[in-house]
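Report on the structure
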Amino acid sequence: MSQRVALAAPVAVALALAAYPVVASGYEVRATLQIFMWIVLAGSWNLISGLTGYVSFGHVAFFGAGAYAGAILISKAGWPWLAAALVGGGAAVLLALVIGYPCLRLKGPYFAIAMLGLNEVLRALVSYFEGLTGGGNGLSLPTLDATVPIYYVMGLTAVAVTVLTYLIITSRFGLRLMTIREDEVAAEAMGIDTARHKLYAFLLSAAGPGIAGALTARDQGYIEPISVFPLATTITMIVMVLFGGKGTVWGPVLGAVVLFVAQEVVWARYPYVHPLLFGALIVAVVLLMPRGVLGILQVRYRLPRTI
Amino acid sequence: MTTKALAALITAIGVLAGGLPAAAQGPIRIGASLSLTGTYAKLGNYQNEGYKLCAKQANEHGGLLGRKIEFVVYDDQSAPSTAVRLYEKLITEDKVDAVIGPYSSPVTEASANVTEKYKKVMVTPLAATTSIFKRPPDKKRYYLFMVISPAEAYLEGLVDMAAKRGLKTIAIVNEDTLFAKAAGDGAAELANKRGMQVVFREGYPKGNQDFSAILTKIRAANPEVLAASTYFDDAIAITRQMKELNVNPKMYGITVGGDLPEFYDLLKQNAEYITGATQWETTLPYPGNREFSDAYKKEFGREPVYHSAAGYAGCVIYLEAVKRAGTLDSDKVRDVLLKLEMKTAFGDFKVDQDGFQTAHKMVTTQWQDGKKVIVWPDELANGKLRFPTPPWNQR
Amino acid sequence: MNVVVTPAMLGQVVISGILSGALYAMVALGLALIFGVMRIINVAHGPLLMLGAYATYFLSTALGINPYLTVPVSMAMLFVVGVLLERTLVFRVVDAPELSSLLLTFGVSIALVNLAQLLFTSDLRSVEYLTGAWVVGPFALSKSRVVAFVFAGALTGLAFLFLGRTKLGKAIRATSQSREVAMVCGIDVQRIHLVTFGLAAALAAAGGALIAVIVAIQPEMGQIWTFKSFLVIVLGGAGNYPGALLGGILLGLIEQVASLFLTTQLSEVVAYVLLVAILLVRPTGLLGGRQT
């Protein structure tokens, strides 16, 4: 397998996906858009948790924050959605800065639970400040059919997150992050400014979900607190990364595609036992393949670390 | 564009060839995304049963436009985002001939954007929030039709009866979600209009089970009327904790939940005197109501609730509109629906230019000796309100 | 909103807070034991509580047993469930990174809830046994909550006696202080894990059984209890078992008082901000850590 093929394949896939909306049905476009969204979410979670080992159990908070920031700008200030999406990403990064500074000092399960709590708090705050957010009524956006352009922007965001992951993993910055994951005390002893590194990774991991949240809000045309801050979304992105292989470039992509398709094709037929199947899958992934598909392949076939 | 032209061409050839026999066209497929699992599972399944019964009866009577009817139903897990995708799938992938509404206001609010995009008429029998239909010009919806009375009307009966009895103060609590909040707002507005003073108002998060603090505040505000805009779990919790904290308003009414038989099963005699609001009752003298209830009981082995009846009626109304239009064409069916005045087992149907329901009536019920009695409005009542509610220790 | 808070109201919510706080403490003690001994946050703690509630519901409605007499039965049943869970799944992730145990127990958690939905349906159930209140001066004391308070207090006391006086209890504490030392002293750590998990599930079940008499139950009732229990053990200091008692009462009070002065929505925010603040300022909890 030459390097040229390795580069040509993703480019070919990207070109095919770019042409896809021309021939695809409305549903196919929307389903693919969802896959892009999951790649953004899973890839972003991978940046903080896959690389540093700090388990963010409330990453959907950034998605929700972006969704609300974007929706407010669109509906109250009349912004174009593309600008609103970028600001949505910015809002999520800002939130990450405020939260990350104190919370990243927490270790292990404490960090996980603090993030879970953050998500609940954001939901409560959004419900409370109803003048701005509509509270429990939610926010309804002006009618606009922009699914196809949103498809492209979400796709580009997914590419950006994946390329960013590659750049980080191959950089010294990435190496330091992984040192923190293996042994934070040792990393500090080696002179790595762990607080700063963790914070940078955290900020980067918030941008993608923020943009994805704002794009989703625009595409759906309606958001409410319950539906943009669900714990299930965080869990799904984690399982996607774990399934594909955490700490890898392509793992989140693989996980997002496989799990979303499985969900849409297989599980939708068995609505009443869906959570049971999902629970069983989680248990199976944790126990049988904690390194994920790519992790296993890496070990077995001695693939490069940067896959 | 080309496929559409091709389809038109094929249809034209079919017509020229003398028309195909109707049965050979296959069934008319009506698509819906329903909350079969998740938060709204119970009520979504009731609605589904209403649809099923409607389709079954229509098929027994020769179907629609000479074709059989078939429902294509998916589960949206009570999530608006999933429902959006499912309606898109129904319309563009399954290519259903028509769509019909999902369960709940939030899910409808999101799904309507898709059905509007494809210019599909959607009769949505279980969305009660006014803001879904009454929208500013840039957000206007053309193909969405409401069946049930708006959320704001749920507590009208309670407020009206209280005002007539000269009560002056009211406390209002509501779950902080789209529908429940609208019902609470409606109650506040009606109360103000009737010269009553709202002495307490607070929302609580979905899923809340502990109402001690809210009820302590209500006890201190000492209102004559307590109006709670609830789903079901919260209605049970509030009622139990009212007894625990000895909160004794002269009238206490809730919205959804108070009408369900389970409400009395769970609370037993503690449900006495409590009023509930409902869109519909088995006992109401609407044409075909008795037949509907009997058929439903035979089909599913239990009493229908209003969610089943509304689903049933929504389907009946849509089929009637198609029959009168003589086509499935959205714009023609829309024109018929805008003018349609109809009485179903569920009551009256008539909408204004926004597709907003104007004819249907809410009723208020009260639990009296284990029976649900309709006490409001007078023209539909089959009993008198028991008033005032005695304190908990004297019941 | 437009209600002036009087001392009597404050008194009333303080009572409510203490009453529910004792329940929090008992349920959280289970989570604290597992966390202390095995270094795992058992996300399925709340769903185990839910199963306990259903055990009581069926025992009391189907067999007509007094619901309070079903508490020990429900605990025994869930002890077995806990042991089985530990033996089949949880022991595999004891030394894994926390992500594994969080996710594994989350998977178990949603599977349990779904199973309950399939077996028991999502219909609300309630044990109408002791409703209403004892009115004392300006205060109303909910009967079912007072009884739950007494039970929770007694069971928590028993748990402490067990931990403090029996050989097995001491072995559990020793393991939670240092697994290596415990092993060196000849303690069968595997067995300790098993017993701890069973005991924790039993404590959750007791909570569920008592709650079943207070509020209506349904399969999704449990999840919120996992988060609340974690709040409690953070407040009290993880690994510090008496801390759970203080944490429980404190959480009960905070929730109620915040709901009184602010709104129920915002009381969640207050609890969370407090959680982060305590973790940052005093990571070992209010009573300090790990002195068992």
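Look above for the structure.
Quantities reported herein were computed from a predicted structural model and do not represent experimental measurements. Starting from 1, residues in each chain are numbered consecutively following that chain's sequence as written. Here chains are named by letter from A upward and ligands by number from 1 upward, in the order in which they appear as written. Only residues with pLDDT of 70 or above have their local features reported here, since the model is predicted, and side-chain atom pairs are shown and tallied only from 80 upward, although totals for entire chains, interfaces and linings are computed over all residues.

Let's talk about the overall build of chain A
- A helix here means a DSSP run of H or I that spans at least four residues, while a strand means a run of E at least two residues long, and both kinds are numbered starting from the N terminus. Each helix and strand in chain A was counted, giving 15 helices and 2 strands.
- Here the radius of gyration uses the C-alpha set of atoms, whereas the globule reference equals 2.2 Å times the residue count to the power 0.38. Computed over its C-alpha atoms, the radius of gyration of chain A comes to 19 Å, within 12% of the 19 Å expected for a compact globule of 307 residues.
- For chain A, the spread of C-alpha atoms along the three principal axes comes to 50 × 45 × 40 Å.
- Counting all 307 residues of chain A, 56% fall into the buried class.
- By definition, residue pairs are in contact when their C-beta atoms, positioned from the backbone, come within 7 Å. Considering only intrachain contacts with a sequence separation of at least 6, the fraction spanning at least 24 residues in chain A is 79%. Three exposure classes are used, all based on how many other C-beta atoms lie within 10 Å of a residue's own C-beta (placed from the backbone): buried at 20 or more, exposed at 12 or fewer, and partly exposed between those limits.

Considerations on the overall build of chain C
- Scanning chain C from N- to C-terminus turns up 11 helices and 2 strands.
- Secondary structure of chain C in N-to-C order comes out as α-α-α-α-β-β-α-α-α-α-α-α-α.
- In terms of C-alpha radius of gyration, chain C reaches 19 Å, essentially the compact-globule figure of 19 Å for 292 residues.
- Scored against the burial criterion, the 292 residues of chain C give a buried share of 59%.

Observations regarding the sheet that holds strand E4 (residues 122-124) of chain B
Residue and element names in this part refer to chain B.
- Spatially, 5 strands are ordered E2-E1-E3-E4-E5 in an open sheet, and the strand pairing comes out parallel. Strands at the two margins of the open sheet, each flanked by one partner only, are strand E2 (69-75) and strand E5 (144-146). Direction aside, neighbouring strands of the sheet carry axes that sit 25 degrees apart on average.
- The pairing criterion for strands is at least two bridges between them, as found by DSSP. Looking at chain direction, strand E1 (residues 28-34) and E2 are connected through 7 bridges and run parallel. In the sheet register, Ser33 faces E2, and the bridge partner there is Tyr74.
- To get an axis, fit a line to the C-alpha atoms, keeping to the stretch in contact for a helix; angles then go from 0 to 180 degrees between the N-to-C directions. Running at roughly 165 degrees to E2, helix H2 (residues 41-60) makes contact with E1, E2 and strand E3 (98-100) of the sheet.
- Sheet contacts for helix H4 (residues 105-117): E1, E3, E4 and E5; angle to E4, the most-contacted strand, approximately 170 degrees.

Quick word on the nonpolar core
- Counting residues in hydrophobic clusters, the biggest one holds 340 residues, and the most contacted among them are Met154(A), Ala25(C), Ala205(C) and Leu210(C).
- When residues of this core are assigned to their parent elements, the largest contribution, 18 residues, is made by helix H1 (residues 7-38) of chain C.
- No fewer than three residues from each of domain 1 (12-149 + 285-349) and domain 2 (152-278 + 362-394) of chain B sit in this core. Each nonpolar core reported here comprises buried Ala, Val, Leu, Ile, Met, Phe, Trp, Tyr and Cys residues connected via C-beta atoms within 7 Å. Where each domain starts and ends follows an automatic or database-derived domain assignment.

A closer look at the environment of Ala271(C)
Residues and elements named next belong to chain C.
- Among the structural elements, Ala271 can be located in helix H11 (residues 264-281).
- Residue class for Ala271 comes out buried when judged on the 22 C-beta atoms lying within 10 Å of it.
- The spacing of Ala271 and Leu235 is 36 residues in sequence and 10.0 Å in space, taken between C-alpha atoms.
- Non-local contacts of Ala271, meaning those with residues more than four positions away in its chain, are made with Leu231, Leu251, Ile254 and Glu255.

Describing the interface of chain B and chain C
- Residue-level contacts link 34 residues of chain B with 30 residues of chain C.
- When residues of the side of chain B that touches chain C are traced back to their parent elements, those giving at least two are H2, strand E7 (197-204), helix H8 (212-221), helix H9 (233-245) and helix H10 (261-267) of chain B.
- Along the lines of polarity and charge, the residues of the side of chain B that touches chain C split into 15 nonpolar, 7 polar and 12 charged. Side-chain classes follow a simple rule in which Ala, Val, Leu, Ile, Met, Phe, Trp, Tyr, Cys and Pro form the nonpolar group, Asp, Glu, Lys and Arg form the charged group, and the remainder, Gly included, forms the polar group.

Quick word on helix H5 (residues 143-165) of chain C
- In this scheme, a helix's expected span is set at 1.5 Å multiplied by one less than its residue total. Over its 23 residues, H5(C) extends 33 Å from the first C-alpha to the last, a length consistent with the 33 Å expected when each residue adds 1.5 Å.
- Taken together, the buried positions of H5(C) are Ser144(C), Arg145(C), Ala148(C), Phe149(C), Phe151(C), Ala152(C), Leu155(C), Thr156(C), Ala159(C) and Leu163(C).

Digging into unusual backbone geometry
All names here are of chain B.
- The amide bond that connects Trp376 to the next residue, Pro377, takes the cis arrangement and shows omega of -5 degrees.
- Structurally, the position occupied by Pro377 is in the segment after strand E14 (371-376).
- The omega angle of the peptide bond from Phe387 to Pro388 is -10 degrees, so this bond is cis rather than trans.
- By secondary structure assignment, the location of Pro388 is in the segment after E14.
- Positive phi values are uncommon outside glycine, yet Gln77 reaches one of about 55 degrees.
- In this fold, Gln77 is placed in the loop between E2 and helix H3 (80-92).

Quick word on helix H2 (residues 45-62) of chain C
All names here are of chain C.
- End to end, H2 covers 26 Å across 18 residues, agreeing with the expected 26 Å (1.5 Å per residue, within 8%).
- For H2, the tally of buried residues reaches 15 of 18 residues, placing the bulk of the element in the interior.
- Two residues or fewer past H2, Gly64 is found with a positive phi of approximately 70 degrees.

Examining the interface of chain C and chain A
- With 31 residues of chain C in contact, the opposing surface of chain A contributes 36 residues.
- Counting residues per element, the ones that place at least two in the side of chain C that touches chain A are helix H4 (98-120), helix H9 (223-236) and H11 of chain C.
- A per-element tally of the side of chain C that touches chain A places H4(C) first, with 15 residues.

Let's talk about the packing of helix H3 (residues 60-77) of chain A against helix H4 (residues 81-103) of chain A
Residue and element names in this part refer to chain A.
- Two elements in contact, H3 and H4, have axes separated by 8 Å at closest approach and are oriented at 140 degrees. It follows that H3 is oblique to H4 by the angle criterion. As H3 packs across H4, the resulting crossing turns out to be right-handed. Taken together, the residues of H4 that come into contact with H3 (itself represented by Phe62, Ala65, Gly66, Ala69, Gly70, Leu73 and Ile74) are Trp81, Ala84, Ala85, Val87, Gly88, Gly89, Ala91, Ala92, Leu95 and Ala96.
- Classifying every residue of the contact of H3 with H4 gives 13 nonpolar, 4 polar and no charged. With respect to orientation, any angle under 35 degrees is reported as roughly parallel, any angle over 145 as roughly antiparallel, any angle of 65 to 115 as roughly perpendicular, and every other angle as oblique. Crossing handedness is read from the near helix: turned anticlockwise from the far helix by less than a right angle, it gives a left-handed crossing, and turned clockwise, a right-handed one.

Quick look at the pairing of strand E13 (residues 363-368) of chain B
Residues and elements named next belong to chain B.
- Extensive coverage of E13 is indicated by the burial of 5 of its 6 residues.
- Note that strand E10 (residues 275-278) and E13 share 4 bridges and pair antiparallel. Across the sheet, Gly276 pairs through a bridge with Thr365, a residue of E13.
- In terms of strand pairing, E13 meets E14 through 5 bridges, oriented antiparallel. Opposite Thr364, over in E14, you have Trp376 as the bridge partner.
- In textbook terms, the turn of a hairpin is the stretch between consecutive antiparallel strands, and for E13 and E14 this stretch comprises 2 residues, one of which, Asp369, has a positive phi near 50 degrees.

Observations concerning the environment of Glu60(B)
All names here are of chain B.
- Residue placement: Glu60 occurs in helix H2.
- According to the C-beta neighbour criterion, Glu60 is exposed, with 8 such atoms within 10 Å.
- Remark: the alpha-carbon pair of Glu60 and Thr389, spanning 329 residues in sequence, is separated by 49 Å.

Concerning the pairing of E1(B)
Residues and elements named next belong to chain B.
- Across the 7 residues of E1, 6 count as buried, placing the element largely inside the fold.
- A right-handed crossover is one whose linking path, passing over the helix from the first strand to the second, runs clockwise when the strands point away from the viewer. Remark: the E1/H2/E2 crossover connection has right-handed handedness.
- Alignment of E1 against E3, held across 2 bridges, turns out to be parallel. Looking at E3, one finds that Gly31 is bridged to Val99.

A short note on the packing of H1(C) against helix H10 (residues 241-261) of chain C
Residues and elements named next belong to chain C.
- As a packed pair, H1 and H10 sit with axes 6 Å apart at the nearest point and diverge in direction by 140 degrees. H1 and H10 meet at a crossing whose hand is right-handed.
- Of the residues that constitute the contact of H1 with H10, the class distribution is 19 nonpolar, 8 polar and 1 charged.

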